[in-house]
Amino acid sequence: MSALIARFAPWRARSNAYFAQHRSLGVLVAVVAIGVLLPLLSRIPPFGDLQSMNAWVNAFTIAGIYALLAVGLNVVIGFAGLLDLGYAAFFALGGYTYAIVASPFFDIHLPFWPMLIVGALIGAMFGIFLGAPTLRLRGDYLAIVTLGFGEIVPIVLLNSDPFTGGTNGLGGVDKPVIPGILEFTLINPWPFYVLMMAMIALIMIVVFRLQDSRIGRAWDAVREDELAAESSGVNTVISKLQAFAVGAAIAGFVGVFNAAKLTIVAPDQFKFVVSISAVAAVVLGGMGNPVGVAAGAFVIYLVQSIFLKQLNTLVDNFNIPVLKEVDFLEFQYVLYGIVLVLMMLRRPQGIFPAKRRMRLFKDSEGAGK
Amino acid sequence: MSLLELKDVHTYYGAVHALRGVSLKVEEGEIVTLIGSNGAGKTTTLRTISGLERARSGSITLNGKSIEHTAPHEIVRLGVGHSPEGRRVFTRMSVRENLEMGAFLRKPGAEVQADFKKVFDLFPRLKEREFQAAGTMSGGEQQMLAIGRALMGQPKVLLLDEPSMGLAPILVEQIFDIIKEINSRGTAVLLVEQNAMMALGIANRGYILQIGEVTLEDDCKKLANNPKVKEAYLGV
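All of these numbers come straight from a predicted model, not from anything done at the bench.

**Q** Any details on the overall build of chain B? Residues and values, ideally.
**A** Helix and strand counts for chain B come out as 10 helices and 10 strands. Relative to its length of 236 residues, chain B is compact, with a C-alpha radius of gyration of 17 Å against a globular reference of 18 Å. On the principal axes, the C-alpha backbone points of chain B span a range of 45 × 40 × 35 Å. Expressed as a percentage of the 236 residues in chain B, the buried residues total 48%. For chain B, the share of sequence-separated contacts (at least 6 apart) that also reach a separation of at least 24 residues comes to 67%.

**Q** Outline the sheet that holds strand 6 (residues 80-83) of chain B, supporting the account with residue identities and numerical values.
**A** Residues and elements named next belong to chain B. The strand order across the open sheet formed by 6 strands is 6-7-8-3-9-10, and the pairing between neighbours is mixed. Strands at the two margins of the open sheet, each flanked by one partner only, are strand 6 and strand 10 (213-219). Going across the sheet, the axis of each strand differs from the next one's by a mean of 15 degrees, ignoring polarity. Strand direction decides the pairing type here: strand 7 (residues 157-161) and strand 8 (residues 188-193), joined by 5 bridges, are parallel. Each residue of the ladder has a partner; that of Leu158, found in strand 8, is Val189.

**Q** Before we move on, can you summarise the packing of helix 3 (residues 95-102) of chain B against helix 6 (residues 139-151) of chain B with the specific residues and values?
**A** All names here are of chain B. The contact between helix 3 and helix 6 brings their axes to 7 Å, and the two run at 35 degrees. In terms of crossing hand, the pair formed by helix 3 and helix 6 is right-handed. Along the contact surface, helix 3 presents Val95, Asn98, Leu99, Met101 and Gly102, while helix 6 presents Leu145, Gly148, Arg149 and Ala150. Looking at the contact of helix 3 with helix 6 residue by residue, the classes come out as 5 nonpolar, 3 polar and 1 charged.

**Q** Describe the interface of chain B and chain A, listing the residues and the values that go with them.
**A** A common measure of how large an interface is: the accessible area buried when the components associate. Taken residue by residue, the interface counts 24 residues in chain B and 20 residues in chain A. Within the residue set of the side of chain B that touches chain A, elements represented by two or more residues are helix 2 (72-78) and helix 3 of chain B. A class-by-class count of the residues in the side of chain B that touches chain A yields 11 nonpolar, 9 polar and 4 charged.

**Q** Give me the nonpolar core: which residues, what numbers.
**A** Judged by nonpolar contacts, the single largest core of 167 residues is most densely connected at Leu69, Ala70 and Ala297 of chain A. Top element by residues in this core is helix 4 (residues 53-79) of chain A. It accounts for 16 residues. Lining this core are residues from two domains, each supplying at least three of them: domain 1 (4-79 + 155-234) and domain 2 (90-154) of chain B. Residues contacting Ala70 of chain A, with those up to four places away along its chain left out, are Ala278, Ala281, Val282, Gly285, Val293, Ala294, Gly296 and Ala297 of chain A.

**Q** Could you give an account of unusual backbone geometry, naming the residues involved and the relevant values?
**A** All names here are of chain B. You will see that Asp8, though not glycine, has its phi angle at about 50 degrees, which is positive. Its place among the elements puts Asp8 in strand 1 (residues 4-13). Positioned with a positive phi, Ile211 is a non-glycine residue whose angle comes to about 40 degrees. Mapped onto the elements of the fold, Ile211 is located in the loop between strand 9 (205-210) and strand 10. Note on Ile211: 14 C-beta atoms within 10 Å, which makes it partly exposed.

**Q** Which residues make up the environment of Gly247 of chain A, and what values go with them?
**A** All names here are of chain A. Among the structural elements, Gly247 can be located in helix 12 (residues 236-262). Assessed through the 30 C-beta atoms surrounding it within 10 Å, Gly247 is described here as buried. Along the sequence, Gly247 and Leu210 sit 37 residues apart, while their C-alpha atoms lie 12 Å from each other. If we ignore the near neighbours within four places in the chain, the residues touching Gly247 are Gly72, Leu73, Val75, Val76, Asp84 and Gly127.

**Q** Run through the sheet that holds strand 1 of chain B, naming residues and quoting values.
**A** Residues and elements named next belong to chain B. If you walk across this open sheet you meet the 4 strands as 2-1-4-5, and the pairing is antiparallel. Single-partner strands in this sheet number two, and they are strand 2 (16-26) and strand 5 (65-66). Pairing of strand 4 (residues 55-62) with strand 5 involves 2 bridges; the strand directions are antiparallel. When the bridges of strand 5 are listed, Leu62 appears paired with Lys65. Packed onto the sheet, helix 1 (residues 42-49) meets strand 1, strand 2 and strand 4 and runs at close to 70 degrees relative to strand 2.

**Q** Any details on the packing of helix 5 (residues 88-101) of chain A against helix 7 (residues 139-159) of chain A? Residues and values, ideally.
**A** For any two helices packed against each other, the geometry is given by the interaxial angle and the distance between the axes. Residue and element names in this part refer to chain A. Helix 7 packs onto helix 5 with a crossing angle of 30 degrees between their chain directions and a minimal axis gap of 8 Å. Relative to helix 7, the element helix 5 is oriented roughly parallel. Where helix 5 approaches helix 7, its residues Ala88, Ala89, Ala92, Leu93 and Tyr96 are matched on the opposing element by Phe149, Gly150, Val153, Pro154 and Leu157. Partitioned by chemical class, the residues of the contact of helix 5 with helix 7 number 9 nonpolar, 1 polar and no charged.

**Q** Outline the domain arrangement of chain B, supporting the account with residue identities and numerical values.
**A** Residues and elements named next belong to chain B. As assigned here, chain B comprises domain 1 (4-79 + 155-234) and domain 2 (90-154). Centre-to-centre, using C-alpha coordinates, domain 1 lies 23 Å away from domain 2. Taken together, the contact between domain 1 and domain 2 spans 13 residues of the former and 10 residues of the latter. Sorting the residues of the side of domain 1 that touches domain 2 by element identifies helix 2, strand 7 and helix 7 (169-184) as the ones contributing at least two each. If one sorts the elements of the side of domain 1 that touches domain 2 by residue count, helix 7 sits on top with 5 residues. In terms of residue class, the side of domain 1 that touches domain 2 is built from 10 nonpolar, 1 polar and 2 charged.

**Q** Give me the lowdown on helix 4 of chain A, citing residues and values where you can.
**A** All names here are of chain A. If you check helix 4, its first and last C-alpha atoms are 36 Å apart, about what 27 residues at 1.5 Å a residue would give, namely 39 Å. Of all the bends in helix 4, the greatest, near 35 degrees, is centred on Leu73. Of all 27 residues that make up helix 4, 21 are buried, and the element is covered over most of its length. Of the residues flanking the end of helix 4, it is Gly81, one or two places downstream, whose phi is positive at about 75 degrees.

Reading guide: rules and limits
- Residues numbered from 1 in each chain as written.
- Chains lettered and ligands numbered in written order.
- Predicted model: local features only at pLDDT ≥ 70, side-chain atom pairs only at ≥ 80, totals over all residues.
- Helix = DSSP H or I, 4+ residues; strand = E, 2+ residues; numbered from the N terminus.
- Rg over C-alpha atoms; globule rule 2.2 N^0.38 Å.
- Buried ≥ 20, exposed ≤ 12 C-beta atoms within 10 Å, placed from the backbone.
- Contact = placed C-beta atoms within 7 Å.
- Pairing = 2+ DSSP bridges.
- Axes fitted to C-alpha atoms, helices over the stretch in contact; angles between N-to-C directions.
- Left-handed = near helix turned anticlockwise from the far one by under 90°.
- Nonpolar A, V, L, I, M, F, W, Y, C, P; charged D, E, K, R; others polar.
- Core = buried A, V, L, I, M, F, W, Y, C linked by C-beta atoms within 7 Å.
- Domains from an automatic or database assignment.
- Parallel < 35°, antiparallel > 145°, perpendicular 65-115°, else oblique.
- Expected span 1.5 Å × (residues − 1).
- Bend = angle between axes of the 7 residues up to and from the residue.

Laid out in structure tokens, this is it:
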């Protein structure tokens with residue numbers, strides 16, 4: 001076995017070096033590979049028995065939404081070090097942006113594709129809108145303000161009936177169409193799945209490029225020590241606004257997709273639990289590592305929506321009266337709590353720590369010896 | 001025209017009147033030291049120069065250009081390097097990355113590479129630890145890094161906030177030798193120190209700061225022989 005690994009070692013080293021140079025291509029290859037593997041995996045016994053392949057593909061698509069939210073939030077929390085507890089607000093704003101101009105409510109039907117960009121821009125705008133007055137805040141104080149913002153947005157949407165349909169939200173949202181080639185439907189989950197994979201690839205590439213850019217270096221500095229960043233010549237105001245804008249843009253972008261996928265937006269979909277699940281994913285995956293947080297979100301979503309649901313059916317079969325009353329799906333809140341507490345106690349750097357943190361921990365161990 | 005000049009600068013922290021009309025000058029090629037006890041306003045003076053605090057009144061000019069309303073990152077660009085109190089290195093970044101951050105506003109290229117060499121020349125210890133996380137280094141090494149980082153911005157005037165703080169005497173001497181070396185290579189230095197003896201030993205001129213006001217200004221040799229200074233700051 002080890003001989004086999006050794007034989008592949010030079011090949012692996014070479015491919016690692018290659019993809020370090022061509023990271024965007026690497027992301028693309030990885031996303032395509034995962035995109036092909038996931039549906040195949042869902043045919044393998046323990047998974048295949050739980051639900052049909054189409055149901056799995058649908059679940060993966062929704063998991064992708066959470067993964068992208070985590071990747072976007074990671075820009076704010078992991079890169080720039082700004083705690084944002086109201087991230088779902090931007091997700092909502094993207095969704096409503098699309099639903100308002102692509103549903104029977106106003107009988108406007110703008111096409112999906114350009115609205116993806118518009119949703120991102122609206123998100124970025126509100127990101128700056130939230131960021132600007134909170135620039136002087138850090139840590140707990142920033143968390144409280146963003147938490148408030150995250151609550152305000154759904155409440156405003158709830159009470160602006162003439163524009164948002166109030167409690168009912170906006171239904172019958174248009175699904176994406178590739179004119180003359182493909183119409184997305186609710187029955188066939190595959191087009192949404194492929195689109196989601198493409199979006200993941202795109203956003204991952206953008207995020208990696210940003211991380212390597214001057215903007216990303218400025219975020220590093222601001223996160224590490226804002227004062228030192230300032231005396232090194234970083235414009236910390238602009239840097240923090242950029243983080244808020246990029247994070248919010250990603251949420252807005254994904255929000256448009258989410259609205260088109262569910263064909264409905266309603267205030268209920270954007271409650272605090274969405275924000276906290278994104279935070280939990282970032283913490284679980286490893287702050288600062290885009291791939292890690294995406295994986296974290298993926299795991300959290302699959303556990304809560306597949307396995308907790310299966311637990312319901314399983315327990316129902318036992319016919320125990322008390323347990324029948326229990327809805328295990330409600331346990332997702334407990335799940336987030338456990339994830340956050342356990343991770344903070346046992347492994348604050350996350351399952352897949354960002355490179356920089358990993359190095360410090362290694363070095364400090366070495367210094368102790 | 002002085003390289004750096006403060007005229008009647010007043011700075012407040014909320015209601016606290018921290019600087020009560022500070023005036024001082026740093027000329028090209030000089031080492032100027034600012035001496036005073038805790039809370040006299042030494043650090044506030046440096047922070048006000050580099051734009052981290054705002055002067056409520058008074059003027060600050062760099063080469064005759066007024067900078068009291070300029071943003072901190074612009075002040076760095078104009079040639080003020082600040083090695084802040086408590087070193088403030090980026091602990092999770094490597095030594096190399098810290099120095100790169102110091103050159104954040106400059107175009108990467110041969111000139112920056114040459115400055116890396118200069119800094120490593122000045123501080124061979126940093127070269128040895130180039131890829132080590134800065135937070136794992138000793139206080140002295142971190143102080144060297146903080147100074148090196150400020151130098152990477154090609155400052156005309158370097159503001160040093162208590163470079164001797166918390167360091168062993170032998171290291172303090174080493175750091176002060178390096179400050180002299182930096183100065184001899186053409187960078188003016190404004191040195192804030194509690195270690196008045198050492199500071200007066202290397203500086204050309206000195207200012208004594210008391211409760212936000214400059215109470216004495218003189219040639220360093222004369223300051224060191226001034227009976228009042230001797231009693232209050234040199235412990236003789």
